[in-house]
Each structure stands twice: as structure tokens, then as C-alpha cells.
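Chain residues, written in single-letter form:
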Amino acid sequence: MEKNKLIEIFKTALKEEMLETNVEHNIDLLGSEYKPDLVIYPQSVDDLIKAVRLANEHKIPLYPIGSSSKFKSAVAPFTGGVLISTKRLNKIIEYRPDNMSIEVEAGMKINELQEALAKDNIFYPVEDRFTNATIGGQVAANSYGRKKYMYKSARFYVMGLEFVSPQGELVRVGGRTVKNVSGYDVSQLLTGSWGVLGIITKVTLRVRPIPQKRTQLEYITEDFSKVTEVIDSILKEQISLASLTFRKTDKKYLLQLELEGFVESLELQVNNLKDKYGFKDGSKSQIEVNNYSEAIISLPLDTYCQGLKEIEALKDSQGLIYQGNITNGLVELNSQLLNQELVNKITSVVNDLQGTLVYQGQRLTKKERGTGYIKVLKNLKSVVDPHHILIPQSLVLKE
Amino acid sequence: MLKNEIINKLRKIVGSENVLNSKITMTTYAYDSSPFLGKPGAVVFPTTTEMIVEIIKLANKYNIPVTPRGAGTCLCGGAVGVEDAIIISLAKFNRILEINAVNRTALVEPGVVNKELQLAAEPYGLMYAPDPASQNVSTIGGNIAENAGGIRGVKYGCTKEHVLGLEVVLPSGEVITTGGLNSQVDPEIDLTYIFCGAEGTLGLVTKALLSLTPINSDTKTMTAVFATLEDAGACVSEIIAKGVIPTTMEILDNTVIKAVEDYAKLGLPKDAAALILLEVDGFPAETKAMVENIIQAFKNNNSINYKIAKDEKERQDLWKARRAVNGALGKLKPSNVVHDIVVPRDRLAVMLKKVAKIAEKYDIIIGQVAHAGDGNLHPTLYYDHRIPKEADVIEEACDEIIKETINEGGTISGEHGIGLEKLKYMPLAFSQPSLDYMKKIKESFDPENRTNPGILLP
């Protein structure tokens, strides 16, 4: 549809200041050379509902975004359409420090949320590499941060949601109580649904007290067998482990370890780790593994070291392993050193270890969900979104 | 009554010894732990996923409803089934397939009893954190279907927080595998969690991959008594706001304290308004700091008496009051209704007071035990079912409790489920478009409405 026609349609219900054709988004993050014809910035949930209803009426696909930092991970490069951003819906709706809960609009940025909570010594434990990521985007993607081992992913903090259904109905599910089994747990379905089942407008989060202390330690060695030995052993320690990561530079391996918890018990743990393994005080700057990077492996903890060893042992694998988040099970490869033969070999290694390999956005390892899985998802999509308005070519609905 | 033809086909699938349809057996399977009655046509005991697939296909062919059932401890009428339903009991489908100490996971079949998993995990220094009161008998499948909570829920969360993946037989008869061990690196919609708390209406869980939690080396147990509910409520709020996350934080009101004291003679002050039972766990250095914080909160909120267990015997003594609750209250009247309301934790004291007022207004006995750390209250209303007037009054009082819960920003069920029992309250808790969205979920999984029909959605 032509730009002018689109604007005409949405202008019937929305103020012109909400309709942006001169796109201010970072196009690179969209992962396509394409520029959206139109970006809608609703200023209220009502505006958003109006936009979705118009889109249904005129069969115009909509692409919900927050700050668009996660957009390209789940959408096949597209060729046209209208983005709808929750960026301007960014207020705190209800904050209950004594309940350790906060309800915010979906467009609130993670760092703004943290600031609001920090004055009460509270935090939202899911970190994001993108500081401008919105809470709505994080929830839609069920994001996890470097410390997933300790804090898991976004879904574990979502107690309730308000969202606009693909047909433009306002739905509220869950609530502000830490326990809730009233009806289907629709919040959990929408969390990690990548925007295809509804546009999240408000999120009620369970938050936590900031830990008394955070400590970083590191360990450097040139001996690869030492690395896997230490990893295997650390995973068996009774410690307040938040993350364990590594990076290979030249011939050296750097292991970084983070602990979070109470001052006194952390002191004991730190002393033990220093004595037993030779860990030293670490720097504040932590190794970040991008779970959507170009060549990424995800492994169960119990096969992680095995995976490292087998890849190191492959012919021409020198320098291939770049870095990893051990506690998240991730290994990031240096994709420039990959060739087809190596990719095939690594795929087979990872398959045998029950892991996942994604290379250039393609999952190369097998996935055994059963054919009913995608079928039931597609059913669901058709029932809640009969006109396929929300992200029709989403990768999460691909067979 | 199911036709003989169907019974014979069921026998072929699971073996004759695993199909029951005598009148007496049907009567015993007509109820769960709620007051609701079903009228099952047959009970079958499959022991493999393949058998369940065959049962579902048969049920689909002959248009027979099915209801999955674990140990039947469901409190909301979710496991009784509609007339002539095939009850699929998972009780014999009960092996622990794997415990992995590095991944800290267990792979189990749905009929595994919660307690058995606890015992199996213990030698690895691990526990399965959700511990519903029914854990000695209730099954993992049932726990998942209801998203069961437990005493340790304050710190460790409910069942869904410990489920990593599932194998499910869909109403179509197809088998799917959800979730898994690996961190997500390619975008995918994880269907695991919509099955948690779905009360067996979207499919039958046939395997569960669960996360296990390290057992902490040190536990400290305390009780504190308060002269007013306000003080007790403020104490709970202060503890939460201080950042102390207890393992357990239970509150007993005056009605319960009196009943327990009359029943078990533990030396509790019968005029106290509330008793809080509190437990913390962690490394020894941590529990020490937590206990200090908690005692400060007791003092700040005028606790008239508090105790800290010095050893295991004293710990068991402190737990006695909580454990005696059901026995003590059962003596008051022949029948009771237990509610399962939840409010934001900062509204706990207000809600306890409101329920006490409702008891006064209707001149009935309501005992209140609450998982204070979760804001989850279990007011129990006592009556004599043989006196019709009493039953009517109870119904009215229940309606008022639910209304007040919603006014306080809470919801109608925290861990027991909707089932048949709370159907009528669903429109109070949710708007029509929200209920419609839930109905669409059901429709897309089970278009013929054959899998545990009649419950959860009005």
C-alpha cells in the first residue's frame, strides 16, 4: 500500500504526531535494507487499539516494536509494512515496594525501570545488552541476561500483562500477586511469543531486593585442559554463582566468574575459590556473549566441556572458539574462520551433545518438537489473528 | 455407561487389569478432594505415552470426553470428569527416568509422587522445590496441571518456576516436546508454560523435565505472636521490604490459634491475634544475618513473644502448631469450604481483617491460615451441611470474601485452581475480552472440547 494511502487510513483515528514517515529508527537493527512505510507511535493504549482495529479493517500487517533492538531475530527480512512502537507508552502505572511488584507500560526502557527501583534498593534481575531495550520487547522475547544461571529469564518475573489482541481487544491477564492460577496463564504464553499473539501494553513484574554484594573473580591460563577442569569443578561447588564466562585471546584463556549474595558468605566463597583454584580479583568489565550472534552454540551444562574439547580437536579449528557463557551454555564461534566443512562437523558434534547450533540465523541442529507443535501454534495464531495482521512472516511460525 | 465395545478396546490398549468400570470403582473415582462429583464411564491406567495416544485416538473416534487424573487431591473439582468420561489415571505411569546432578534436573513420568522425587533427589544434595501440603500423595502431573504451590513457595516459587520442558499428548493425539535444557538461541514460542495450571484441559503431560535446587546447608525456624493483626501484617511487610526472602512465612489467626491450642495443648496464647511461623535457609553466614533482621522486625512491630529453634527438636515443636491446623479445625463443624484467595502482600493484614469481619457479620466460624509471604490466604469456612440455612449463609459469605479480594487488587485462586468450584467467579476476575482470549486458546488446542471439558472456563 502506498505511504499516502496508509497515512490517510490511520489519520482517521490517530493524531498526525503519532504517524512518522521519516523513520527515526536505527534501520540496521531491523536487519533489512527495507525502510518501513510508516511508524505509528500511539500515545495511549486507546490509540493503539484504534490502530490495530484499522489495520484489521484494511488488512494491513503490523509489526510491533519497542526500541527494535530484538526485531531482526524473529522476523524474516520483510518488504513492506507498518511498524507500531510502544515507545511513548512509558509510564509507571503501579509501584508497590512492599509487595515487591511494579506495573509499567511496555515502552519503558529497562535502564529507566532500574533507576526507579534502585532508590528502594530493588532491581529487576534480567539484564539487557541493549540499554535502550524496552520492558515490552524484553518480555515479548523472553530475554535472558549474562546471569541467567542465577536469575533465569524474563518470564519468571512476569506476574501479569495487559495486551491488545491482534483483533484490537484489550486483554488483561494474571495480576499483581506472586501466586495466581486463575484461568489460563496467558501471560506466560504472551511472554516469548515475539509479538505474534498480541501487542503487550503493560507488564506487572515481580522484582527483587538488590543483593548485598556482587563480586567478580578471574583466572587466566594457557592450558586448555585446565580450563575445562576448572569449569567442571566450579559447577559442582556450593557457591552463589551468577555467571561463569570465558574468552580466548591469542594463546590465553580468561575465565570470569561472578558471585552475588550476602557479604559474609561471599567472603568465605571468594577466599575458597582463590585458595583452591588460584582465582584473582576480577575487573568490572564482563564478557558478554550475544545469544543471537552469527555462529552460536547452546549446550546443556553437562556436555558443555565435552563440546569445547571436541571442537578444539577438529582439524583447522584453531581460533574458532572465541568466547562463551558457560553458565548459560553458550559458545560463540569466530564465524570468519568457518567453512562449510567445519560447519558440518560442528553440527554433528553439537547434535550428538543435544545442543543447538545457529549459523547465520539458521538453526542447523535437529529440533524434535513433533509436527503437532507448529500445527497447534498455527491454529492458535489463526484463531486469535484471523487476518494475520501481526507479523505475518514471523520466524516463530515457520515450519 | 460406556458401551462394552469401548471397554474392550480400552482393555486392548492398556490390558484388562488396567481398565476399571465396575459400579463401586466408578463411585470411588467420582470425586476428588473437593465437594464435586463426576460420573466416570471407565478408569484406565496407561503406563506409556503410546498407550495414551491410543486412548485419545479412541476417544476422538467415538467422541468420548477424557479427564486426566493423578492422585485425586485436586481441591477444585478438576479431576472428576463429566458424565461417561474416560478417566485417565496416570498413577501407574510413574518412573523417575533420570536425575542429573550437573544440570540439576529430573526427567520424570507424570505419575511420580512429589515426595518420591524429593527422596530421589536428596542423595545428590538437591531438592524439588515445590512442596504442596499434599506432597506425600500428589503427583508431578497433577502438580503441573494445577501449578501447585507449597510451603517453601515464598523463596522458591510454584511448580511452573521449576518446569523446564514437557512431553504432551495433545487432544489431537499428537505428541509434542516443549522447552528443554538449552538456552534459547533461535526465536521460538515455548509452549511449556501454558500447560502449567491448565488443569489438564489442553493436553496430557506424559513426561516432565524439572529443575532441582541445591539444598541449603542451614535452616533457622522462628515463631512470633502478635496482639493485633495489624502488627502481624506490618511485620510481614517489613520483612519483605528488608529484602529478607524467607523459605516459609505462615500466619495463623486467632480462630486457628484457639482451635489448635484446644486440640494439641502446645501452650499457645489463646488471646493472641496472630502467630507467624517463619523459616529461612541459606549458608550459615546468611541465615545469621537474616535472623537478626527478622528479630528486629518482630521487635519493631510489637511481637509479644517470639522463639527461635535451637535444634531440630525445637524446630519440630515450632512446626507443631502449623501441622495441627487441619486436625484442630476439623473438630469444629462437620463440613468446610477452603478458599485460596491471593492479595498483594502489602494488603495481607487488611484482607485478614476483612475476612474476620465477614465471619462476625454472618456469625460463622472462619479459620484463617495464610502463606503470608505470598499473600495467599486460605480462609476456611465451617458449617453443618445437614442444616440448609447454614450452607446458604456460607455461600453468601464466600461471595463476599471473593468480592473483597478483588477490591484489594487480588485474585480468586493462588494454588488450588478454578476447576468447577470457582467457575462462577471467573467473570469477576476477568473482563469478557480476556475470557474470550482464553476460550480461543482452548479452542485452538482442543476444538472438539473433549479434554477435561466443563472446568476452568465459564
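On a predicted model such as this, the values are computed, not experimentally measured, just so you know. (Residues numbered from 1 in each chain as written. Chains lettered and ligands numbered in written order. Predicted model: local features only at pLDDT ≥ 70, side-chain atom pairs only at ≥ 80, totals over all residues. Heavy atoms only, no water.)

> Looking at this model, I keep getting lost on the domain arrangement of chain B. Mind explaining?
Interfaces are frequently sized by the accessible area removed from exposure as the parts join. Residue and element names in this part refer to chain B. Domains assigned within chain B are domain 1 (4–89), domain 2 (96–214) and domain 3 (218–407). Of note, the centres of domain 2 and domain 3, computed from C-alpha atoms alone, are 29 Å apart. Facing six residues of domain 2, the contacting portion of domain 3 comprises 11 residues. Contact between domain 2 and domain 3 buries roughly 770 Å² in total, counting both sides, with carbon and sulfur atoms accounting for 58%. Sorting the residues of domain 2 by area buried against domain 3 places I151, V154 and K155 first, and these three jointly supply 79% of that buried surface. A salt bridge links K155 to D281, with the shortest nitrogen-to-oxygen separation between them at 2.6 Å. At the surface where domain 2 touches domain 3, the tally comes to four residue pairs in polar contact (both at pLDDT 80 or more). (Domains from an automatic or database assignment. Contact = heavy atoms within 4.5 Å. Buried area = accessible area lost by both parts, 1.4 Å probe. Salt bridge = Lys/Arg side-chain N within 4 Å of Asp/Glu carboxyl O. Polar contact = N/O pair within 3.5 Å; in protein donor to acceptor, adjacent residues only side chain to side chain.)

> Can you walk me through the interface of chain B and chain A in this structure?
Every contact between the two is made by 82 residues of chain B and, on the other side, 84 residues of chain A. Note on chain B versus chain A: buried area summed over both sides is about 7,100 Å², and carbon and sulfur give 57% of it. For chain B, the biggest contributors to the area lost against chain A are V185(B), I189(B) and Y437(B); these three give 12% of the whole. The tally of links between chain B and chain A comes to nine salt bridges. Of all elements in the fold, only β9 (175–179), α7 (192–195), α8 (229–241), α10 (284–300) and α16 (432–445) of chain B reach the threshold of two or more residues within the side of chain B that touches chain A. When its residues are assigned to classes, the side of chain B that touches chain A shows 37 nonpolar, 27 polar and 18 charged. (Helix = DSSP H or I, 4+ residues; strand = E, 2+ residues; numbered from the N terminus. Nonpolar A, V, L, I, M, F, W, Y, C, P; charged D, E, K, R; others polar.)

> Is there a simple way to think about the environment of G319(A) in this case?
Residue and element names in this part refer to chain A. Looking at the secondary structure, you find G319 in the loop between α11 (301–312) and β17 (321–325). Separated by 75 residues in the primary sequence, G319 and L244 place their C-alpha atoms 20 Å from one another. In this structure G319 touches K248, N334 and L337, once residues within four positions along its chain are discounted.

> Help me understand the domain arrangement of chain A, please; the structure alone is not making it clear to me.
Residues and elements named next belong to chain A. Each assigned domain of chain A is listed with its residue range as follows: domain 1 (92–210), domain 2 (212–286) and domain 3 (288–368). Inter-centroid distance (C-alpha atoms) of domain 1 to domain 2 is 31 Å. In this complex, domain 1 contributes seven residues to the contact, which on the side of domain 2 involves 11 residues. Carbon and sulfur atoms supply 52% of the area that domain 1 and domain 2 bury against each other, a total of about 810 Å² over both sides.

> Help me understand the packing of aromatic side chains, please; the structure alone is not making it clear to me.
Pairs of aromatic rings are described using the distance from one ring centre to the other and the angle between the two planes. Under the counting rule described, the total for this entry stands at 12 aromatic pairs over all chains. Centre to centre, the rings of Y219(A) and F279(A) are 5.4 Å apart; their planes meet at 45°, and the pair counts as tilted. Of this pair, Y219(A) sits in strand β12 (residues 213–221) while F279(A) sits in the loop between α10 (263–277) and β15 (280–281); the two residues are 60 residues apart in sequence, bridging distant segments of the chain. When the ring of F298(B) is compared with that of Y306(B), the centres are 5.7 Å apart and the planes differ by 40°; the resulting orientation is tilted. Aromatic ring contacts, followed pair by pair, group Y219(A), Y277(A) and F279(A) into a single cluster. (Phe/Tyr/Trp six-rings, centres within 6.5 Å; stacked < 30°, edge-to-face > 60°.)

> Whenever I open this one, the environment of I311(A) confuses me. Can you help?
Residues and elements named next belong to chain A. Along the polypeptide, I311 turns up in helix α11. Taking C-alpha positions, I311 is 8.7 Å from K345, a pair spaced 34 residues apart along the chain. Residue contacts for I311: discarding those within four places in its chain leaves I297, S317, L320, I321 and I346.

> I keep staring at the nonpolar core and nothing clicks. Help me out?
By size, the foremost hydrophobic cluster in this structure holds 139 residues, and its most contacted members are Y124(A), Y184(A), L205(A), L191(B), F195(B) and I441(B). When residues in this core are grouped by element, the largest group, seven residues, is from helix α13 (residues 348–362) of chain B. Non-local contacts of I441(B), meaning those with residues more than four positions away in its chain, are made with Y184(A), V186(A), L189(A), L380(A), I194(B) and L202(B). Core analysis: the second largest hydrophobic core is formed by 44 residues, V270(A), I297(A), V343(A) and V350(A) among them. (Core = buried A, V, L, I, M, F, W, Y, C linked by side-chain atoms within 4.5 Å. Buried < 20%, exposed > 50% of the residue type's maximum accessible area, 1.4 Å probe, protein only.)

> Help me understand the sheet that holds β9(B) in this model?
Whether parallel or antiparallel, the strands of a sheet pair through hydrogen bonds between backbone atoms. All names here are of chain B. Across the sheet, five strands lie side by side as β5-β6-β10-β8-β9; this open sheet has antiparallel pairing. Since the sheet does not close on itself, it has two edges, and those belong to β5 (96–100) and β9, each with one partner. Across this sheet, the average inter-strand angle for adjacent strands is 10°, counted without regard to direction. Relative to strand β10 (residues 204–211), strand β8 (residues 163–169) is paired through six bridges, and the arrangement is antiparallel. Across the sheet, V168 pairs through a bridge with V205, a residue of β10. Packed on one face of the sheet, helix α3 (residues 49–61) meets β8, β9 and β10 and runs near 50° to β8. (Pairing = 2+ DSSP bridges. Axes fitted to C-alpha atoms, helices over the stretch in contact; angles between N-to-C directions.)

> Honestly, the state of the cysteines in this entry has me stumped. Any pointers?
A disulfide bridge is the covalent bond that connects two cysteines by way of their sulfur atoms. Residue and element names in this part refer to chain B. A full pass over the atoms with the stated rule returns zero disulfides over all chains. Sulfur of C196: no disulfide; nearest cysteine sulfur belongs to C158 and is 11 Å away. We classify C196 as buried; its relative accessible area is 2%. (Disulfide = S-S within 2.5 Å.)

> What exactly am I supposed to notice about the sheet that holds strand β2 (residues 38–40) of chain A here?
All names here are of chain A. Reading across from one edge, β1-β2-β4-β3 is the order of the four strands in this open sheet, with mixed pairing throughout. The sheet is open, and its two edges are formed by β1 (19–20) and β3 (62–65), each paired on a single side. One ladder, built from four bridges, connects β3 with strand β4 (residues 82–85); its direction is parallel. Residue pairing for β4: L62 is matched across the bridge by V82.

> Where do I start with the side chain of R322(B) in this structure?
Residues and elements named next belong to chain B. By secondary structure assignment, the location of R322 is in helix α11 (residues 312–323). A polar contact is formed between the side chain of R322 and the side chain of E250, at a distance of 2.7 Å. Setting aside anything within four residues of it in sequence, one finds R322 in contact with I151, E250, L252, L277, V369 and H371.

> Looking at this structure, I do not really get the pairing of β4(A). What am I missing?
Put simply, side chains in a regular strand alternate between the two faces of the sheet. All names here are of chain A. Burial of β4 is two-sided: the residues V82 and I84 facing one way and the residues L83 and S85 facing the other way are all buried. Note that β2 and β4 share three bridges and pair parallel. The partner of L38 across the bridge, within β4, is V82.

> Can you walk me through the pairing of β5(B) in this structure?
All names here are of chain B. Two strands pair when backbone bridges link them, and β5 and strand β6 (residues 105–108) are joined in this way by four bridges, in the antiparallel orientation. Across the sheet, N100 pairs through a bridge with T105, a residue of β6. Linkage of β5 to β6, two consecutive antiparallel strands, is achieved through a turn of four residues, within which R104 is found at a positive phi near 55°.

> So what exactly am I meant to see when it comes to the pattern of salt bridges here?
Close approach of charged atoms lets side chains of opposite charge pair. Enumeration over the complete set of coordinates arrives at 57 salt bridges over all chains. The shortest N-O distance in the salt bridge between R53(A) and E169(A) comes to 3.9 Å. Of the two residues, R53(A) is situated in helix α3 (residues 45–58) and E169(A) in the loop between β8 (158–164) and β9 (170–174); the sequence distance between them amounts to 116 residues. On the basis of relative accessibility, which here comes to 36%, the residue E169(A) falls in the partly exposed class. Notably, a salt bridge pairs E250(B) with R322(B), separated by 2.7 Å at the nearest N-O pair. Here E250(B), found in strand β13 (residues 248–253), pairs with R322(B), found in helix α11; they are 72 residues apart in sequence, far enough to count as distant. Taking relative accessible area as the criterion, E250(B) reaches 1% and is therefore assigned buried. Given the relative accessible area of 17%, R322(B) is considered buried. Ionic contacts of the salt-bridge type, sharing partners, join the residues E127(A), R146(A), K147(A), R214(A), E258(A), E260(A) and E288(A) into one network.

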